[in-house]
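An overview of the molecular structure
Listed here are the chains, written in short residue letters.
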Amino acid sequence: TEDIPSDHPRHDSLVTRHRIEAGVDAGITSRQGLIAEGRGEAFDYLLGEETIPSADDAERAAAAQLLLAEHPVLSVNGNAAALVPEELVELAETVGADLEVNLFNRTPERMEAIADHLQAHGAPDVKGLDADERIPGIDHERARVDADGIYDADVVLVPLEDGDRAEALAEMGKVEIVIDLNPLSRSPRTAAIPVIDNIIRAIPNITAHARSLESAERDELEAIVADFDAERALHEAEERIRTGAGQEQ
Ligand code: ATP
Ligand code: MG
């Protein structure tokens, strides 16, 4: 990534791509993760490769929701770990959340590699390896979570989650924050707070909002969450993609 000049017009996109490649080489990201990355890049391109105002609102609501949570958990998959390991650790620290490795294509090797990777980036503790509970309603391997992690959580942040699991988590009564660049995907559509933004921009921005809300009263945080309109956020992202509206401002 050192070789990409910082003024290259597609700088961030190229850095992202290299991180995913390195993630695959390191055994952190699955090969399907490469396909997910390509899909994400296409949507990011259409969104103007920036955090649109409605996504910033969602990120602020996500921060408020995480601060209000009794037991927030940040779910980490192979793409998230490759792209924003340090940023995830920082967010977890800022809002007092657990980090849990949660893979669609679960192998013990990848679970370990991701946990080690997060620890190398400063995570004190990483959940997901016990996998002693299950999310009801989805098949065995894909359902496995930690009893004292996602299973117990009241608020779960899931970046790039697949639709079935996002739905199953919502059915368990979890308040779900989903980060996904595709506003038409089922996963953000089942979320209480859909964040239509690149995880690379979304995680640090949620952390920044959480820091600025750190001393806010509970009722102020509750008002931020109550004022957030998920339907509208999805609609505005779709509008941006279809019409490019707002891009010139
Ligand atoms: P489903 O309908 O089950 O949700 P899907 O087609 O969305 O299926 P995946 O390939 O698992 O299935 O989706 C990966 C999702 O992750 C895509 O919607 C893609 O836009 C999103 N994505 C990929 N990279 C990023 C990223 N860096 N930041 C945010 N979202 C991303
Ligand atoms: Mg999806």
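Being a predicted model, the structure only gives us computed values, none of them experimental. (Residues numbered from 1 in each chain as written. Chains lettered and ligands numbered in written order. Predicted model: local features only at pLDDT ≥ 70, side-chain atom pairs only at ≥ 80, totals over all residues.)

1. Some thoughts on the overall build of the chain
Heads up, the rule is: Helix and strand labels come from DSSP, where a helix needs a run of H or I of at least four residues and a strand needs a run of E of at least two; each type is numbered from the N terminus. Based on C-alpha atoms, the radius of gyration is set beside the globule rule, defined as 2.2 Å times the residue count to the power 0.38. Buried residues are those with 20 or more other C-beta atoms within 10 Å of their own C-beta, exposed residues have 12 or fewer, and partly exposed residues lie in between; C-beta atoms are placed from the backbone. What counts as a contact here is a pair of residues whose C-beta atoms, placed from the backbone, lie within 7 Å.
In terms of regular secondary structure, the chain is built from twelve helices and seven strands. Taking 18 Å as the expected radius of gyration for a compact globule of 249 residues, we find that the chain reaches 17 Å, a close match to that expectation. Structurally, the chain occupies a C-alpha span of about 50 × 45 × 35 Å along its principal axes. When each of the 249 residues of the chain is scored for burial, the buried share is 48%. Sequence-distant contacts, at least 24 apart, represent 67% of the contacts inside the chain between residues at least 6 apart.

2. What about the site of ligand 1?
So the rule is basically this: Whether a residue is near a molecule or strand depends on its C-beta atom, placed from the backbone, lying within 6 Å of it. Any residue that is not Ala, Val, Leu, Ile, Met, Phe, Trp, Tyr, Cys, Pro, Asp, Glu, Lys or Arg is counted as polar, Gly included; the first ten are nonpolar and the last four charged.
Near ligand 1, the surroundings consist of 20 residues, among which Ala-36, Gly-40, Gly-163, Asn-182 and Ile-199 are the closest. The set of elements that each furnish at least two residues to the shell around ligand 1 consists of α2 (31–46), α4 (78–83), α9 (186–190) and α10 (199–212). Of all the elements, α2 adds the most residues to the shell around ligand 1, at five residues. In terms of residue class, the shell around ligand 1 is built from eight nonpolar, seven polar and five charged.

3. Some details on the packing of helix α1 (residues 11–25) against α2
What counts here: An axis is simply a line fitted to the C-alpha atoms; with a helix, the fit covers only the stretch in contact. Between two such axes, the angle follows the N-to-C directions and lies from 0 to 180 degrees. Orientation categories follow fixed angle ranges, with anything under 35 degrees roughly parallel, anything over 145 roughly antiparallel, 65 to 115 roughly perpendicular, and all other angles oblique.
Direction vectors running N to C along α1 and α2 enclose 170 degrees, while the axes themselves pass 10 Å from each other. One finds that α1 runs roughly antiparallel with respect to α2. Residues Ser-13, Arg-17, Ile-20, Gly-23 and Val-24 of α1 lie in contact with α2, whose contacting residues are Arg-31, Gly-33, Leu-34, Glu-37, Glu-41 and Asp-44. A breakdown of the residues in the contact of α1 with α2 according to their chemical character gives three nonpolar, three polar and five charged.

4. Let's talk about α10
Quick note on the threshold: An expected span of 1.5 Å times one less than the residue number is assigned to each helix.
Under the 1.5 Å per step criterion, the end-to-end length of α10 is 20 Å for 14 residues, consistent within 8% with the ideal 20 Å. The inward-facing, buried residues of α10 contact α3 (53–68), α4, α5 (85–95), β5 (155–159), β6 (175–179) and β7 (193–195).

5. Focus: the UniProt feature "binding site: ATP" (unreviewed entry) in the chain
Definition in use: UniProt positions are given in the numbering used here, feature names are shortened, and annotations may be inferred rather than shown by experiment.
Per the UniProt record, "binding site: ATP" (unreviewed entry) is annotated on Arg-17, Arg-39, Asp-180, Leu-181, Asn-182, Arg-186, Ser-187, Asn-198 and Ile-199. In sequence the annotated residues extend across 183 residues, and in space they extend as well, their farthest C-alpha pair lying 24.1 Å apart. Turning to its location among the elements, Arg-39 is positioned in helix α2. With respect to the helices and strands, Leu-181 occurs in the loop between β6 and α9. In contact with Leu-181, not counting residues within four places along its chain, are Gly-40, Phe-43, Asp-44, Leu-47, Ile-196 and Asn-198.

6. Re the confidence of the model for the chain
Close inspection of predicted coordinates is inappropriate for parts of the model with low pLDDT. The following threshold applies: Values of pLDDT, which run from 0 to 100, indicate the predictor's confidence residue by residue.
Looking at the chain, pLDDT values average 94 and 98% of them are 70 or higher. The ipTM assigned to the predicted complex is 0.93, against a pTM of 0.95.

7. Considering the sheet that holds strand β1 (residues 72–76)
Here is the rule: For two strands to count as paired, DSSP must find a minimum of two bridges between them.
What the five strands build is an open sheet, ordered β2-β1-β5-β6-β7; its pairing is parallel. Each having just a single partner strand, β2 (98–101) and β7 make up the two edges of the open sheet. The sheet shows a mean angle of 20 degrees between the axes of neighbouring strands, taken without regard to direction. Those strands touched by α5 are β1 and β2, and its axis lies near 175 degrees from that of β1.

8. So, the nonpolar core
Let me state the cut-off plainly: Connectivity within a nonpolar core runs through C-beta atoms within 7 Å, and the core itself is a set of buried Ala, Val, Leu, Ile, Met, Phe, Trp, Tyr and Cys residues.
Ala-62, Leu-66, Leu-74, Val-76, Leu-88, Leu-118 and Val-195 are the most contacted members of the largest nonpolar core, which totals 68 residues. In terms of residue count, the dominant contributor to this core is α3 (eight residues). Setting aside its immediate chain neighbours within four residues, Leu-66 contacts Pro-72, Val-95, Ala-97, Val-155, Leu-157 and Ala-210.

9. Re unusual backbone geometry
Working note: non-glycine residues mostly have negative phi, and peptide bonds are mostly trans. Non-glycine residue Glu-49 carries a positive phi angle of around 50 degrees. Examined against the element boundaries, Glu-49 turns out to sit in the loop between α2 and α3. A tally of 18 C-beta atoms within 10 Å means that Glu-49 is categorised as partly exposed. Positive phi, close to 50 degrees, is recorded for Ala-131, a residue that is not glycine. Structurally, the position occupied by Ala-131 is in the loop between α6 (108–120) and β3 (133–134).

10. What about the pairing of β1?
The element β1 is extensively covered by neighbouring structure, given that five of its five residues are classed as buried. Neither face of β1 is open: one carries Pro-72, Leu-74 and Val-76, the other Val-73 and Ser-75, and all of them are buried. Relative to β2, β1 runs parallel, the two sharing four bridges. Counted as the bridge partner of Leu-74 is Leu-99 from β2.

11. So, the environment of Lys-127
Positionally, Lys-127 belongs in the loop between α6 and β3. Lys-127 sits 69 residues away from Ala-58 along the chain, and the two C-alpha atoms are 26 Å apart.

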